[in-house]
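Fold and contact review
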Amino acid sequence: MCGRTACSLGADNLRRACAYRDRRGRRRQPEWIRAERYRPSYNKGPQSSGPVLLSRRHLQQDADSSERVLMDMRWGLVPSWFKKDDPSKMQFNTSNCRSDTMLKKSSYKGALLKGKRCVVLADGFYEWQQCSGGKQPYFIYFPQSKDAMVRRKEGDEEWRGWRLLTMAGIFDCWEPPSGGETLYTYTIITVDASKDVSFIHHRQVRAGKGAAGRMPAILDGDEAIRKWLDFAEVPTQEAVKLIQPTESIVFHPVSTFVNSVRNNAPECLAPIELGAKKEVKATPSSKVMLGWLKNSQEGSPQKKENDLPRWTSQFIHSPSPKKSSADILQQWLGKEGEPAAKKHKA
């Protein structure tokens with residue numbers, strides 16, 4: 001499943017990071033719809049709002065269906081047919097939608113068949129591994145190139161920062177029965193966990209029973225994103241073929257600081273070294289670099305320096321993940337002095 005994400009880019013940088021080529025081959029950036037509602041965060045949970053991409057034709061019937069817009073929607077789909085005045089009274093969880101049942105369950109089937117497909121944007125997502133000493137969180141994301149560390153040049157429109165994780169989602173529009181503003185909500189489609197992250201999601205199977213772990217359905221590359229969003233050109237039965245597990249991800253362990261959704265700071269996704277038995281504290285140099293990160297990301301979540309937290313890593317001794325871009329992430333966060341995740345030895 002996917003129950004926690006991070007999306008720390010400000011509204012303007014998020015728009016630049018989502019640049020694409022339209023049907024005519026022109027390079028474009030998606031227009032923001034209600035950008036003032038967007039709030040970046042290093043720690044987003046269900047019922048919070050997050051950025052999604054969708055076709056403009058959902059909002060404007062005569063628009064080119066290949067044209068994309070950005071919109072802030074609430075995480076946790078509320079079906080258009082829900083009759084009560086308060087969406088929080090829903091008796092079922094719709095933050096995730098299983099790929100094998102999305103065309104069967106009424107909560108998702110109607111919206112999906114109407115082409116209400118979206119792409120949920122994030123720096124990455126968090127998952128927890130059950131260990132003898134508790135649960136160890138991991139941050140999972142796309143492999144990053146060295147371009148992610150390059151500072152923006154004046155007048156440079158091409159995005160050279162963090163490559164956003166693009167997850168397949170379904171959205172719907174709910175209108176309060178008693179009247180009021182339309183509520184836009186989404187769910188993240190999940191698939192069986194890929195081999196590379198299966199050790200995080202592993203569940204013990206007893207007497208042949210049990211379930212494999214789940215992970216978000218990730219759309220890898222602009223062509224997959226185009227097909228998923230362009231509902232007028234790509235029918236549902238063709239689009240759902242894109243929903244497959246992917247191996248094109250990397251990950252590293254992070255501090256249990258992320259466990260509380262109230263904690264919203266770069267420390268949430270900073271790599272740690274498993275087995276480290278000393279308390280990791282914010283140093284003066286890391287405070288300066290963290291401040292540089294916050295100032296360099298327009299609109300990113302802000303914290304006072306004195307509020308920078310201290311945290312302790314899980315004291316567990318288990319193999320570290322084999323796939324990681326932790327060194328690039330550390331430099332992106334300005335944390336070159338902190339230990340990177342060790343690579344797993346086969």
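Here's a quick rundown of the structure. (Residues numbered from 1 in each chain as written. Predicted model: local features only at pLDDT ≥ 70, side-chain atom pairs only at ≥ 80, totals over all residues. Heavy atoms only, no water.)

What follows is about the sheet that holds strand β5 (residues 41-44). Strand order in the open sheet made by the five strands is β5-β1-β10-β11-β15, with antiparallel pairing throughout. Across the chains shown, the open sheet's two edge strands, defined by having one partner strand only, are β5 and β15 (250-253). The sheet shows a mean angle of 30 degrees between the axes of neighbouring strands, direction not considered. The pairing of strand β1 (residues 5-7) with β5 spans two bridges and is classified as antiparallel. When the sheet's bridge partners are listed, cysteine 7 is paired in β5 with serine 41. (Pairing = 2+ DSSP bridges. Helix = DSSP H or I, 4+ residues; strand = E, 2+ residues; numbered from the N terminus. Axes fitted to C-alpha atoms, helices over the stretch in contact; angles between N-to-C directions.)

Within the span of helix α4 (residues 222-229), buried status applies to Ala224, Ile225, Trp228 and Leu229. End-on, the buried residues of α4 take up no more than an arc of 125 degrees, which puts them together on one face. (Buried < 20%, exposed > 50% of the residue type's maximum accessible area, 1.4 Å probe, protein only. Arc of directions from axis to C-beta.)

The tally for this structure, following the rule as stated, stands at seven aromatic pairs. Relative to tryptophan 128, the ring of tyrosine 126 has its centre 6.4 Å away and its plane inclined at 45 degrees; by these criteria the two rings are tilted. For the pair tyrosine 141 and tryptophan 162, a centre-to-centre distance of 5.4 Å together with 40 degrees between the ring planes defines the contact as tilted. Within this pair, whereas tyrosine 141 is found in strand β11 (residues 134-141), its partner tryptophan 162 is found in the loop between β11 and β12 (165-174), the two being separated by 21 residues in sequence. No difference in accessibility class separates tyrosine 141 from tryptophan 162, as the two residues are buried. Aromatic rings pair up to connect Tyr126, Trp128, Phe139, Tyr141 and Trp162 into one cluster. A cation over a ring is seen here: arginine 117 above tryptophan 228, with NZ or CZ 5.3 Å from the ring centre. Positioned above the aromatic ring of phenylalanine 142, the side-chain terminus of arginine 163 is 3.7 Å from the ring centre. (Phe/Tyr/Trp six-rings, centres within 6.5 Å; stacked < 30°, edge-to-face > 60°. Lys NZ or Arg CZ within 6 Å of the ring centre and 35° of its normal.)

Here leucine 164 lies in the loop between β11 and β12. In this structure, the C-alpha to C-alpha distance between leucine 164 and leucine 14, residues 150 residues apart in sequence, is 8.7 Å. Among residues more than four places away in sequence, those in contact with leucine 164 are Leu9, Leu14, Ala17, Cys18, Ala122, Asp123 and Phe142. (Contact = heavy atoms within 4.5 Å.)

Turning our eyes to something else, we now look at the layout of surface pockets. Where empty space is left becomes clear once a probe the size of a water molecule has been rolled over the atoms. Its boundaries defined by the atoms lining it, the largest pocket holds a volume of some 560 Å³. Ala17, Ala19, Trp159, Arg163 and Leu164 are, among the 27 residues lining the largest pocket, the residues nearest its centre. Secondary structure elements with two or more residues in the lining of the largest pocket: α1 (11-17), β2 (20-21) and α4. Its residues placed into classes, the lining of the largest pocket shows 13 nonpolar, five polar and nine charged. (1 Å grid on protein atoms, 1.4 Å probe; cavity = no way out; pocket = protein on both sides within 12 Å on 5 of 7 lines; lining within 4 Å. Points joined across faces, edges and corners; volume = space filled by probe spheres on them. Nonpolar A, V, L, I, M, F, W, Y, C, P; charged D, E, K, R; others polar.)

Looking now at unusual backbone geometry. A positive phi is found at arginine 34, a non-glycine position, where the angle reads about 60 degrees. As for its placement among the helices and strands, arginine 34 is situated in the loop between β4 (31-33) and β5. For glutamine 47, which is not glycine, the phi dihedral falls at a positive 80 degrees. Residue class for glutamine 47 comes out partly exposed when judged on its relative accessible area of 48%.

The next point concerns empty space enclosed by the protein. Overall, the coordinates contain one cavity of 30 Å³ or more when judged by the stated rule. Space inside the largest cavity adds up to approximately 60 Å³. Surrounding the largest cavity, Thr5, Lys44, Ser48, Ser49, Gly50, Pro51, Trp75, Val120, Leu121, Tyr186 and Ile188 form its lining. No other element matches strand β6 (residues 49-55), which puts three residues into the lining of the largest cavity. Partitioned by chemical class, the residues of the lining of the largest cavity number six nonpolar, four polar and one charged.

Looking now at the environment of glycine 213. Within the secondary structure, glycine 213 is located in the loop between α3 (198-201) and β14 (214-216). The class of glycine 213 is buried, set by a relative accessible area of 8%. Each C-alpha atom, one on glycine 213 and one on valine 197, is 9.1 Å from the other, the two residues being 16 residues apart in sequence.

So, about the environment of valine 78. On the secondary structure map, valine 78 appears in the loop between β7 (68-75) and β8 (96-98). By relative accessible area, valine 78 is classed as buried at 1%. Sequence-wise, valine 78 and serine 95 are 17 residues apart; in three dimensions their C-alpha atoms are separated by 9.6 Å. Leave out the neighbours within four places in its chain, and valine 78 touches Pro87, Met90, Asp172, Trp174, Leu183 and Thr185.

With that settled, the discussion passes to the pattern of salt bridges. Evaluated as defined, the whole model comprises 16 salt bridges. Taking the shortest distance from any N to any O, the salt bridge between arginine 214 and aspartate 192 comes out at 2.8 Å. Residue arginine 214 is found in strand β14, and its partner aspartate 192 is found in strand β13 (residues 183-192); the two are separated by 22 residues along the sequence. Glutamate 238 is the partner of lysine 241 in a salt bridge, and the nearest nitrogen-oxygen pair spans 3.4 Å. Residue class for glutamate 238 comes out partly exposed when judged on its relative accessible area of 42%. Where salt bridges share partners, they join Asp22, Arg26, Arg28, Glu31, Arg56 and Glu67 into one cluster. (Salt bridge = Lys/Arg side-chain N within 4 Å of Asp/Glu carboxyl O.)

In short, the description is geometric, and any link to function would need to be established separately.
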